[in-house]
Amino acid sequence: MSSSSILAGGRAAPPTAARGRRRGGGLNSPRLLWLTVPSLVWFAVFSVGPLVAMFVIATLRWKGLLYDPTYIGAENIRTVFADPVFHDAVRNSAVQVAVVIPVMIPLAFMLGYHLSTKPRGYRVLSVLYFSPGLISISITGMIFYGVLSPDGGANGALRAVGLDSLADSWLADPGTALPSLIAIDLWRGIGWTAVLFAARLSSVPAEVVEAARIDGAGRLRIMWQITFPMVKDYVRTLAMLQFLWTLFTSAALILLLTKGGPGTSSTTLSYLVYQKAFAQSDLGYSQVVGVVLLLLGIAGMLLIRALLRSPLEKIR
């Protein structure tokens, strides 16, 4: 066959593409797919495995590794949902999340926007904002145990300005124990989240902001109507992360400061998992609460995703 007939019959496939097909599909080659096996094994052992174990242990009466487990089916579920302590923990966790996330995210965004404008001393401000998140939880607990104790810094400051009537045993009062823990969560999280927002806002095109200024937009309008919609996907991501952090990691601070008390006034679901598993040796109960935490975490992330959908996603 002549070269002219080849040209007339159609365009020949590029040599590189033909070689790629002969060698087995490029990036979809079975040889390359085998490289994912170690990561899949890691994921199965350390992610899927514990998740399945949690559901299995929730059906057992088990005091710990030194004891033999007994299968009891759904009895742990009935015990948990009939326990008033569990209901108090659900309420406290709901209050904690319902206060922390709506307060932390807007305040952190405003502080982050301020940092992104690079005011005088913004590098020092960034370090100051970020530093509470770098302090270990044990040191944080020690600091606020001193601040909130009856003779601590908070009451001393109130007495110094003549507000003795407002002084209180903040961590020992059922009405102030949980709000005190929420305040500490906000202190630890707002500055750290603000620095992350500032990093994201620095990538917003300067021409957009400048055009808004030329059109007469003020600082608040630029912040909320121009830049906020442009980084809404990042706001959603940080809101999800802070939601999970608040829901799942409150046990450490509660253990250091209140141990769930007075009574159950500061007992959250994550602390209840610890208390039942390690203090009361009831692993089945604790894992039922763990399953509830898992379901609440998934539901909360879906809710945040729905509330903070970007305009482009709504169109799609």
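Being a predicted model, the structure only gives us computed values, none of them experimental. Numbering of residues starts from 1 in every chain and runs along the sequence as written. Local features in this predicted model are restricted to residues whose pLDDT is 70 or higher, and side-chain atom pairs enter the listing and the counts only when it is 80 or higher, whereas totals over whole chains, interfaces and linings include all residues. The side-chain quantities take in all heavy atoms of the structure and omit both hydrogens and water.

Chemist: What is the right way to read the overall build of the protein chain from this model?
Modeler: Only runs of H or I of at least four residues qualify as helices and only runs of E of at least two qualify as strands under DSSP, and these elements are numbered from the N terminus. Within the protein chain, the regular secondary structure consists of 17 helices and two strands. Contacts are residue-level and defined by heavy atoms, with any inter-residue pair within 4.5 Å sufficient. Of the contacts formed within the protein chain by residues at least 6 apart in sequence, a portion of 68% connects residues at least 24 apart. Each accessible area is a Shrake-Rupley result for a 1.4 Å probe, and residues are judged covered by the shown protein chains and nothing else. By element, 67% of the accessible surface of the protein chain is carried by carbon and sulfur atoms, the whole surface being about 18800 Å².

Chemist: Quick question: what am I supposed to make of the pattern of salt bridges here?
Modeler: Note that side chains of opposite charge can pair when their charged atoms are close. By salt bridge we mean one thing: a side-chain nitrogen of Lys or Arg within 4 Å of a carboxyl oxygen of Asp or Glu. Considering all chains together, one arrives at three salt bridges under this definition. In this structure, glutamate 75 engages arginine 61 in a salt bridge whose closest nitrogen and oxygen atoms are separated by 2.9 Å. With glutamate 75 in helix H5 (residues 75-81) and arginine 61 in strand S1 (residues 60-61), the pair connects residues that are 14 residues apart, well separated along the chain. According to the relative accessible area criterion, glutamate 75 is partly exposed, its value standing at 31%. Under the relative-accessibility criterion, arginine 61 is labelled partly exposed at 43%. The residue aspartate 88 makes a salt bridge to arginine 91 at a minimum N-O spacing of 3.4 Å. You can see aspartate 88 and its partner arginine 91 sitting in helix H6 (residues 84-116), three residues apart, about one turn around the helix. Accessibility here uses a 1.4 Å probe with only protein chains present; expressed as a share of the type maximum, an area under 20% marks a residue as buried, one over 50% as exposed, and anything in between as partly exposed.

Chemist: What exactly am I supposed to notice about the layout of surface pockets here?
Modeler: Empty space among the atoms becomes apparent when a probe as large as a water molecule is rolled across them. Of the pockets and cavities examined, the largest pocket occupies roughly 460 Å³. The wall of the largest pocket is formed by 24 residues, among which Val97, Ile101, Phe243, Leu303 and Ile304 lie closest to the centre. Put simply, the parts of the chain that give the lining of the largest pocket at least two residues each are H6, helix H12 (219-230), helix H13 (232-248) and helix H16 (283-307). In terms of residue count, the dominant contributor to the lining of the largest pocket is H6 (10 residues). Of the residues in the lining of the largest pocket, the class split is 22 nonpolar, two polar and no charged. Definitions used throughout: a 1 Å grid over protein atoms alone; a cavity as a set of points that fits a 1.4 Å probe which cannot get out; a pocket as an open set with protein on both sides within 12 Å along at least five of seven lines; a lining residue as one with an atom within 4 Å of a point. Grid points are joined across faces, edges and corners, and a volume is the space filled by probe spheres set on the points. Of the voids in this model, the second largest pocket is the one considered here, and its volume is about 350 Å³. Lys, Arg, Asp and Glu make up the charged group, whereas Ala, Val, Leu, Ile, Met, Phe, Trp, Tyr, Cys and Pro make up the nonpolar group; the residues left over, Gly among them, are polar.

Chemist: Sorry, what's going on with the side chain of asparagine 155 here?
Modeler: With respect to the helices and strands, the residue asparagine 155 is situated in helix H9 (residues 153-160). What makes asparagine 155 buried here is its relative accessible area of 1%. For this analysis, a polar contact is any N or O atom pair within 3.5 Å, provided that within protein one partner can donate a hydrogen and the other can accept it, and provided that sequence-adjacent residues contribute only side-chain to side-chain pairs. Looking at asparagine 155, its side chain comes within polar contact range of the main-chain oxygen of aspartate 168, at 2.7 Å. Among the polar contacts listed, one links the side chain of asparagine 155 to the side chain of tryptophan 170, at a separation of 2.9 Å. Apart from residues no more than four positions distant in its own chain, asparagine 155 is found in contact with Ser149, Pro150, Ala167, Asp168 and Trp170.

Chemist: Mind showing me how you'd approach unusual backbone geometry here?
Modeler: Trans is the common state for peptide bonds, and a negative phi is the common state for residues other than glycine. The amide bond that connects glycine 261 to the next residue, proline 262, takes the cis arrangement and shows omega of -5°. Within the secondary structure layout, proline 262 lies in the loop between helix H14 (251-257) and helix H15 (269-279). With a phi close to 55°, lysine 118 is a non-glycine residue in the positive phi region. By secondary structure assignment, the location of lysine 118 is in the loop between H6 and helix H7 (122-134).

Chemist: In this structure, what is going on with the packing of aromatic side chains? I would like to understand it.
Modeler: Two descriptors summarise a pair of aromatic rings, namely the distance from one centre to the other and the angle between the planes of the rings. Here a Phe, Tyr or Trp ring, Trp counted by its six-membered ring, pairs with any other such ring whose centre lies within 6.5 Å, and the pair is stacked when the planes are under 30 degrees apart, edge-to-face when over 60, and tilted otherwise. Applying the stated criterion across every chain yields a total of 10 aromatic pairs. Taken together, a centroid distance of 5.2 Å and an interplanar angle of 90° make the contact between phenylalanine 109 and phenylalanine 228 edge-to-face. In this pair, phenylalanine 109 sits in helix H6 while phenylalanine 228 sits in helix H12, placing the two residues 119 residues apart along the sequence. Residue phenylalanine 228 is classed as buried on the basis of its relative accessible area of 17%. A connected cluster of aromatic rings, assembled from ring pairs, spans Phe109, Phe197, Trp224, Phe228 and Tyr234. Just above the ring of tyrosine 285 sits the side chain of lysine 276; from NZ or CZ to the centre is 4.5 Å. When the NZ atom of lysine or the CZ atom of arginine is within 6 Å of a ring's centre and also within 35 degrees of its normal, the charge is said to sit over that ring.

Chemist: Explanation requested: H7 in the structure shown.
Modeler: Note that an α-helix has 3.6 residues per turn; residues three or four places apart therefore point the same way. In a regular helix each residue adds 1.5 Å, so 13 residues correspond to 18 Å; H7 covers 18 Å between its end C-alpha atoms and thus fits that length. Taken together, the buried positions of H7 are occupied by Tyr122, Tyr129 and Pro132. Across the axial projection of H7, the buried residues extend over an arc of 90°, all falling on one side. Facing away from the buried side of H7 by over 90 degrees, the exposed positions are Arg123, Val124, Val127 and Leu134. Packing partners of the buried residues in H7 comprise H6 and helix H10 (177-201). To estimate how far a helix should reach, multiply one less than its number of residues by 1.5 Å. Here the arc refers to the directions that run from the helix axis out to each C-beta atom.

Chemist: Can you walk me through H6 in this structure?
Modeler: Its 33 residues place the ends of H6 47 Å apart at the C-alpha level, agreeing with the 48 Å of an ideal helix rising 1.5 Å per residue. Measuring from the backbone nitrogen of valine 85 back to the side-chain oxygen at the start of H6 gives 3.1 Å, which picks out aspartate 83 as the cap. Where H6 ends, the next residue or the one after it, lysine 118, has phi of about 55°, a positive value.

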